Amino acid sequence: MREFEVKVKSLEKALEVLNCFVEKQPLGVTEISEKLGLYKSNVHNILITFAAMDYLDQDEETGKFSLGPAIYGLTRAVGDSYNIAKIILPYMQKISQEVHELVYLAVPCKDEVVYLEAVYPERNFFASPSVQGEHCKMYCTGVGKAMLSRMPEEDMEECIKGELEKYTDYTITDKEKLREEIRISRERGYAFDNMEISYGIKCVAVPIVNKNGTVMAALSISTPSLRMDDENTMKFVNVLKKNAEEIGKRL
């Protein structure tokens, strides 16, 4: 993973302020100032600048800020810039039609996965929220562990070097257990999310590797835990592996 040196400190500070909204919205000047250790006047100027550019919205009553329309436009542009999403979407639609379950596509970004697309089964009559730009840590997701299983060891270790937060009782927070889980995922060719990020939801995922052997993304099938029995698990794995292999030949 290539490391870059920060050249514009003021820009770094502004983006640190913007990144605060990833974890929580809305936020006020005082909250951000205390979190980052910055002067309130500096934080206020940064927030107003982002608001002027539509990257933030300010509530007239509370004075607090939330992410604005320019952020969502940027997120969509990032998703569109990934030709990989355009290539893979038809395969996702085919998979979802075959297994009648939710299919996700995610790509790696440092120690996180970023979701590019989700295809919902036709029998799902509820509105399908956009997942573009949503992100989670690698270690607790099926797509994340699938990608970790195909990374060079030094990159994998870099992704799990921090503290492993416990999201559910099933989240693997022990580093040695996680390494063993990744090793098993590598050997069997797929990874599993056993309600590690959300109760009642299980996922099975496979990595997508290009012609050069580089892991580019991962596909997963997500379903209520009661439907993820042994028979369905292997059915999902076989469908995912078949399509991932075909996709890899095109990358």
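The model shown is predicted, which means the values in this text are computed figures rather than measured ones. Along each chain, residue indices are assigned from 1 in the same order as the chain's sequence is written. pLDDT decides what is reported in this predicted model: residues at 70 or higher carry local features, side-chain atom pairs at 80 or more are listed and counted, and totals for whole chains, interfaces and linings draw on all residues regardless. As a convention, hydrogens and water are excluded, and side-chain values are obtained from all of the structure's heavy atoms.

1. Thoughts on a nonpolar patch on the surface
On the surface, V8, L11 and L15 cluster together into a nonpolar patch covering about 250 Å² of accessible area. Runs of H or I in DSSP of at least four residues are treated as helices and runs of E of at least two as strands, each being numbered from the N terminus. The residue L11 is located in helix α1 (residues 9-23) in this model. Three exposure classes are used, based on accessible area relative to the maximum for each residue type with a 1.4 Å probe and protein chains only: buried under 20%, partly exposed in between, and exposed over 50%. When its relative accessible area of 47% is taken as the criterion, L11 is described as partly exposed. Residues enter patches when their relative accessible area tops 30% and they take part in no salt bridge; the joining distance is 9 Å for like charges and 5 Å for the nonpolar side chains Val, Leu, Ile, Met, Phe, Trp and Tyr. All accessible-area figures derive from a Shrake-Rupley calculation using a 1.4 Å probe, and residue coverage is judged against the displayed protein chains alone. A pair is scored as a salt bridge if a Lys or Arg side-chain nitrogen falls within 4 Å of a carboxyl oxygen belonging to Asp or Glu.

2. A word on unusual backbone geometry
Working note: non-glycine residues mostly have negative phi, and peptide bonds are mostly trans. Residue Q25 is joined to P26 through a cis peptide bond whose omega torsion reads -10 degrees. Relative to the helices and strands, P26 is located in the loop between α1 and α2 (29-36). Positive phi values are uncommon outside glycine, yet D54 reaches one of about 70 degrees. In this structure, D54 sits in the loop between α3 (40-52) and β1 (56-58). Judged by its relative accessible area of 41%, D54 is partly exposed.

3. A look at the environment of V239
Tracing the backbone shows V239 in helix α9 (residues 230-248). A C-alpha to C-alpha distance of 6.9 Å links V239 and I95, two positions 144 residues apart in sequence. Contacts are assigned to residue pairs with any non-hydrogen atoms lying within 4.5 Å of each other. Those residues in contact with V239 that lie beyond four places of it in its chain are I95, E98 and V99.

4. A few points about the environment of E176
Topologically, E176 is positioned in helix α8 (residues 175-188). For the pair E176 and Q93, spaced 83 residues apart in sequence, the C-alpha to C-alpha distance is 36 Å.

5. Quick word on the sheet that holds strand β5 (residues 135-137)
Ordered by their spatial adjacency, six strands build an open sheet running β5-β4-β3-β8-β7-β6, and the pairing between neighbours is antiparallel. Either end of the sheet is taken by a strand with one partner, and the two such strands are β5 and β6 (191-194). Each strand of the sheet is rotated relative to its neighbour by a mean of 30 degrees, with strand direction disregarded. Strand pairing is defined by DSSP finding a minimum of two bridges between the two strands. Of the strand pairs in this sheet, strand β4 (residues 112-119) and β5 are connected by three bridges, and their pairing is antiparallel. From the neighbouring strand, V114 faces β5, where its bridge partner is H135. In this fold α9 packs onto β6, β7 (201-209) and β8 (215-224), with an angle of close to 25 degrees to the strand it touches most, β7. Axis geometry follows a simple rule: fit a line to the C-alpha atoms, using only the stretch in contact for helices, then measure angles between N-to-C directions, giving values from 0 to 180 degrees.

6. Here's the deal with the nonpolar core
Among the nonpolar cores identified, the biggest contains 28 residues, and I88, I95, L105, V204, I208, L219 and I221 are the most heavily contacted of them. As used in this record, nonpolar core signifies buried Ala, Val, Leu, Ile, Met, Phe, Trp, Tyr and Cys residues forming a set joined through side-chain atoms within 4.5 Å. Core analysis: the next-biggest nonpolar cluster, separate from the first, contains 26 residues, Y104, V113, V131 and L178 among them.

7. Let's talk about the pairing of β8
In terms of residue burial, β8 counts as a mostly covered element, since eight of its 10 residues are buried. Note that strand β3 (residues 102-109) and β8 share five bridges and pair antiparallel. Its bridge partner being in β8, A106 is matched across the sheet by A218. Strand direction decides the pairing type here: β7 and β8, joined by nine bridges, are antiparallel. Each residue of the ladder has a partner; that of V206, found in β8, is L219.

8. Some details on the side chain of N210
If you trace the backbone, N210 turns up in the loop between β7 and β8. Polar contacts here mean pairs of N or O atoms no more than 3.5 Å apart (in protein, one a potential hydrogen donor and the other a potential acceptor; neighbouring residues in sequence count only if both atoms are side-chain atoms). Polar contacts involving the side chain of N210 include one to the main-chain amide nitrogen of T214, which spans 2.9 Å. With residues near it in sequence (within four places) discarded, N210 still touches M216, G248 and L251.

9. Describing the state of the cysteines
Here, two cysteine sulfur atoms that lie within 2.5 Å of each other are counted as a disulfide. Counted under the stated rule, the structure contains zero disulfides. Counting only cysteine sulfurs, C140 is the nearest neighbor of C136, a cysteine outside any disulfide, at a range of 6.2 Å. In this structure C136 comes out as partly exposed when scored by relative accessible area, which is 23%. For C203, which is in no disulfide, the shortest distance to another cysteine sulfur is to C136 and amounts to 9.9 Å.

10. Looking at the packing of α2 against α3
Two quantities define a packed helix pair, namely the angle between the helix axes and the distance between the axes. Relative orientation of the contacting elements α2 and α3 amounts to 120 degrees, with a least axis distance of 9 Å. Here α2 is positioned oblique relative to α3, judged by the angle of their axes. Crossing geometry of α2 relative to α3 is assigned as right-handed. Across the interface between the two elements, V29, T30, I32 and S33 of α2 pack against K40, V43, H44 and L47 of α3. Polar here means any residue outside two lists: the nonpolar Ala, Val, Leu, Ile, Met, Phe, Trp, Tyr, Cys and Pro, and the charged Asp, Glu, Lys and Arg; Gly therefore counts as polar. Each residue belonging to the contact of α2 with α3 can be placed in one class, and the counts come to four nonpolar, three polar and one charged. With respect to orientation, any angle under 35 degrees is reported as roughly parallel, any angle over 145 as roughly antiparallel, any angle of 65 to 115 as roughly perpendicular, and every other angle as oblique. Handedness of a crossing follows from how the near helix is turned relative to the far one, being left-handed for an anticlockwise turn of less than a right angle and right-handed for a clockwise one.

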